[in-house]
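A look at the structure
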Amino acid sequence: MAPRQLVRSPRKHPKVGMAHQARTSYYVVVATVAFVCYLNALSCGFVFDDMSAVRDNRDLRPETPLISLFWNDFWGTPIHKEHSHKSYRPLCVLTFRLNYMLSELEPMSYHLLNIILHVIVCLQFFGVTQLFLPECACFVAAILFAIHPVHTEAVTGVVGRAEILSSVLFLLAFSSYSKATRRPHHTEWLPLLHCVIFVTAATLCKEQGITVVGLCCIYEVFVVQKLRLSDLLYVGQNVMASKAQPPPWLREMMLRLTVLILCALGLLIGRFQIMGAQLPVFTRFDNPAAVASSPVRQLTYNYLLGVNTWLVLFPFSLCCDWTMGTIPLIESFTDPRNFATIAIYLTLILLVGSILFSDDGHSEVVTMGLAFTVLPFLPASNLFFPVGFVVAERVLYTPSMGLCLLVAYGWHLLMERIRWKPVVWTMLTVLIISHSLKTIVRNCDWKTEYSIFMAGLKVNQQNAKLYNNVGHALEGEGKFKEALEYFLQASCVQNDDIGAHINVGRTYNNLEMYDEAELAFWKAKGLLPRPKTGEAYRVRIAPNHLNVFLNLANLISRNKSRLEEADALYRQAISMRADYIQAYINRGDILIKLNRTQEAQEVYERALQFDSTNPDIYYNLGVVYLEQRKATQAMVYFNKALEIDPNHEQALMNSAVLIQESGNSKLRHVAYERLQHLLEKGKANERVYFNLGMLAMDEKRVNEAEMWFKNAVQVREDFRSALFNLALLLSDSGRPLEAVPFLKQLLKHHPDHIKGLILLGDIYINHMKDLEAAEKCYTKILHMDPSNVQAKHNLCVVYVERGQLTTGEHCLLQAASLAPKEEYIQRHLQIVRARLQKTKTKDEYSNSVNEVNPTLKPSISENPLNKKHSNSENFHNDKENQTSSES
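Values in this document were obtained by computation on a predicted structure and should not be read as measured data.

Moving on, we get to the confidence of the model for the protein. Across the protein, the average pLDDT comes to 84, with 87% of residues at or above 70. Every residue in residues 1–20 is under pLDDT 50, and counting partners more than four places away or in other chains gives 28 contacts. Within the model, the stretch residues 845–887 combines pLDDT values under 50 with 85 contacts to residues more than four positions away or in other chains.

Attention shifts here to helix 37 (residues 805–818). Helix length check: helix 37, at 14 residues, gives a terminal C-alpha distance of 20 Å against a target of 20 Å (1.5 Å per residue), a fit within 8%. Within the span of helix 37, buried status applies to Leu-805, Gly-808, Glu-809, Cys-811, Leu-812, Ala-815 and Ala-816. Seen end-on, helix 37 carries its buried residues on one side only, within an arc spanning 165°. In this structure, helix 37 carries Thr-806 and Ser-817 as exposed residues pointing more than 90 degrees from its buried face.

This structure, assessed with the given rule, holds 23 aromatic pairs. With a centroid separation of 6.1 Å and 80° between ring planes, the pair formed by Tyr-26 and Phe-126 is classed as edge-to-face. You can see Tyr-26 sitting in helix 1 (residues 16–37) and its partner Phe-126 sitting in helix 4 (residues 107–129), a full 100 residues away along the chain. The lysine or arginine in question, Arg-89, covers the ring of Phe-74, its NZ or CZ lying 4.8 Å from the ring centre.

Counting across every chain of the model gives 35 salt bridges. Lys-710 serves as the salt-bridge partner of Glu-706, at 2.8 Å between the closest nitrogen and oxygen. Here the residue Glu-706 and the residue Lys-710 both occupy positions in helix 31 (residues 702–715), the gap between them amounting to four residues, near one helical turn. Here Glu-706 falls in the buried class, since its relative accessible area comes to 9%.

With that settled, the discussion passes to helix 21 (residues 514–526). Turn by turn, an α-helix covers 3.6 residues, leaving residues three or four places apart pointing in a common direction. Its 13 residues give helix 21 an end-to-end C-alpha distance of 18 Å, which sits within 8% of 18 Å, the value for a rise of 1.5 Å per residue. Inspection of helix 21 places Ala-517, Glu-518, Ala-520, Phe-521, Ala-524 and Lys-525 among the buried residues, and these make up the whole buried set. Down the axis of helix 21, the buried set is contained in an arc of 160°. They therefore lie on one face. Helix 21 presents Asp-515 and Leu-519 as exposed residues on the side facing more than 90 degrees away from its buried surface. The elements touched by buried residues of helix 21 are helix 20 (498–510), helix 22 (547–556) and helix 23 (563–576).

Turning next to the state of the cysteines. The full count for this structure, using the stated rule, is one disulfide. Each disulfide pairs two cysteine sulfurs, and for Cys-796 the partner residue is Cys-811, the sulfurs being separated by 2.0 Å. Its S-S torsion of about -85° marks the bond between Cys-796 and Cys-811 as left-handed, since a negative value means left-handed. One end of the pair, Cys-796, is in helix 36 (residues 789–801); the other, Cys-811, is in helix 37, and 15 residues separate them in sequence. Taking relative accessible area as the criterion, Cys-796 reaches 0% and is therefore assigned buried. Free cysteine: Cys-37, not disulfide-bonded; nearest cysteine sulfur from Cys-122 at 9.3 Å.

Parameters and conventions
- Residues numbered from 1 in each chain as written.
- Predicted model: local features only at pLDDT ≥ 70, side-chain atom pairs only at ≥ 80, totals over all residues.
- Heavy atoms only, no water.
- pLDDT = per-residue confidence, 0-100.
- Contact = heavy atoms within 4.5 Å.
- Helix = DSSP H or I, 4+ residues; strand = E, 2+ residues; numbered from the N terminus.
- Expected span 1.5 Å × (residues − 1).
- Buried < 20%, exposed > 50% of the residue type's maximum accessible area, 1.4 Å probe, protein only.
- Arc of directions from axis to C-beta.
- Phe/Tyr/Trp six-rings, centres within 6.5 Å; stacked < 30°, edge-to-face > 60°.
- Lys NZ or Arg CZ within 6 Å of the ring centre and 35° of its normal.
- Salt bridge = Lys/Arg side-chain N within 4 Å of Asp/Glu carboxyl O.
- Disulfide = S-S within 2.5 Å.

Rendered as structure tokens:
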């Protein structure tokens, strides 16, 4: 049997030269309009999901092996893990990685590539519509698609690239298939091979890419072969009843469709192999209908079809987040919203009926319009499996092509059948202008986290997540009081939202309202599902909700007497989820504070069993070995952390400090390079500058050391180590008077700094001749530490300088009793006693002479004591421990 060929009236075609000129101008206009509408998106930053998918995604970093992209999900989490969202889009992440290679985390390049890809999709869509519509109608469809406001989330939001990139390959696959079927009775194999490649690539950009297989099948049956319902029934009966060879057109059609179906099955099997048997964990806050009972779940999901259709047809109330209570559940058949569901299905039935039973060209356009609309939307419809959202505007990017095609076709029919054509043109112009302005204005909402979430609150006040996100945006700006108001509002809108109570507690903590914070955390913990008595914990909990254990334990651990209680909370969190890496890391830190370093080591080693690529675990193991005074092993783990993440700030800092403290001159250049790396990355703090100064001192580069110490003091004016060592550097460099202001600054913030007082007293005696000020310094030290030998000795020097030799002798005797083995004290004591004896002899001689010549004055001999007093401190002794055990 041969397929029926529909008879159509021939279209009038313009001359070839004019047609080519028109098409070129149309393409230029479509590209220009698409680019201009999104031009202001270039000034937007990273917002919402961009933070997780781009800013915090380690898969973008060059140090991450490329192969990791194919084993991790869209957010950089290993896809086999329970808390993975199972979104597998390695090719999209690869383009993010390209952006990172070009401009790291500069948002403009990411937005620019999104806009360019959107322009490409618009041009491709213009080309594809020419298979079904007249050229002018194709132009209208492409313009409507280019400016549609519902696309702003996909184009302006960086994570929307998955939709755009998938659409590029989606359309390439369809175009290739249309070329493979140009002759219905013959298959062009090269375009068909291209189609299979593009289908695979589209699926690796976004899951919905696989639906192009269904689109090609519908195109094959209803457009290429022009079959209708009666034809399909007739062909089926003949194939079943006849033993003869099927006609060539049927063989070729089945061959092409078999290739497509096998490709789709292969992709599905591969996806399940990578993902594993586990579905992603979504809570009722992400998708309330997913955990609702029947028929509430079915009624709500079917109603969402109408909501999505409304957003595409009337995109004027757009919101970045439709989760939680945005769309209340439909709990009964009497809910008036069910009429919208009925209207949607009735419309679909009428359109499908017209396709199956109509014989004119009209049915082909409607068929492809519906196929473009319905098929790409099915994976996100919740009808077959639950997804992590209720409504998401970005998933409407590809489905909107079908509606744009249908609207453009409707406009074309009106232009053909209505006399008042200016009215039709006016309506189209108003639609294009209003949509363009809406798109441009909507782009501005995506500039910052605060602006996008506030725009969402204008549309929906029943979504606690929006209040939480506004609070997060304010929290990021340090506006904790304002953030607290939104977090409290979120907890009121959704009283059982664990995340809202966690946010409230964290903000109270930032405001140093610790009692209120602890109450909020306990309330959040009380909302977690509890296991039945005597049963193991089997309830699946959203990973971010388990953060309540971390927050509560961190707060409790501020009180050293409650460290055991904090440890119990971390153990409870680990019991709920064995691969909770952050709980392992924090618990190890608590164990270090409890001096249980061996247990901490075991905890970190167990964490490595779940995640051997986490640099924080290796870093913390290094800290454990450092606490155990095993510097060599500590350096090994610091270096391992840096292999995984060369930008790990703490590993860079502490490994550099460890090298500097070791005195290994061969490795000093490594320490210097690591500290310089922190400077280049804008991660410099007072510690970086201080340790650069220490390295410079080790290399005897005095001027450079002075510069780094001054930078450290400029960043933190009370930095005791930098202030003291800078003063000591200036003093030892022959500039003691320049050291005085820094010593006074040190003692202002740290009045009990004994070494600083000793150095200042030394300068007062030797360079400023201010014995009274020096005496105050040493007396203050002895008030704090009566057994301080150095202060006692130098106070003795003050007495001797004043000529109070008897007091000085008594003072040195006390110093000698404190340190009987100090040779210099004994030597100085002998000198003072010799002077006393000499003074006594001179006094006797002076008395006999005075009787003869009473005007002769006794000579005053020079103090034999060394005026540069002993100061045993050097640059290293006062340096504070840099290898902090904090994770």
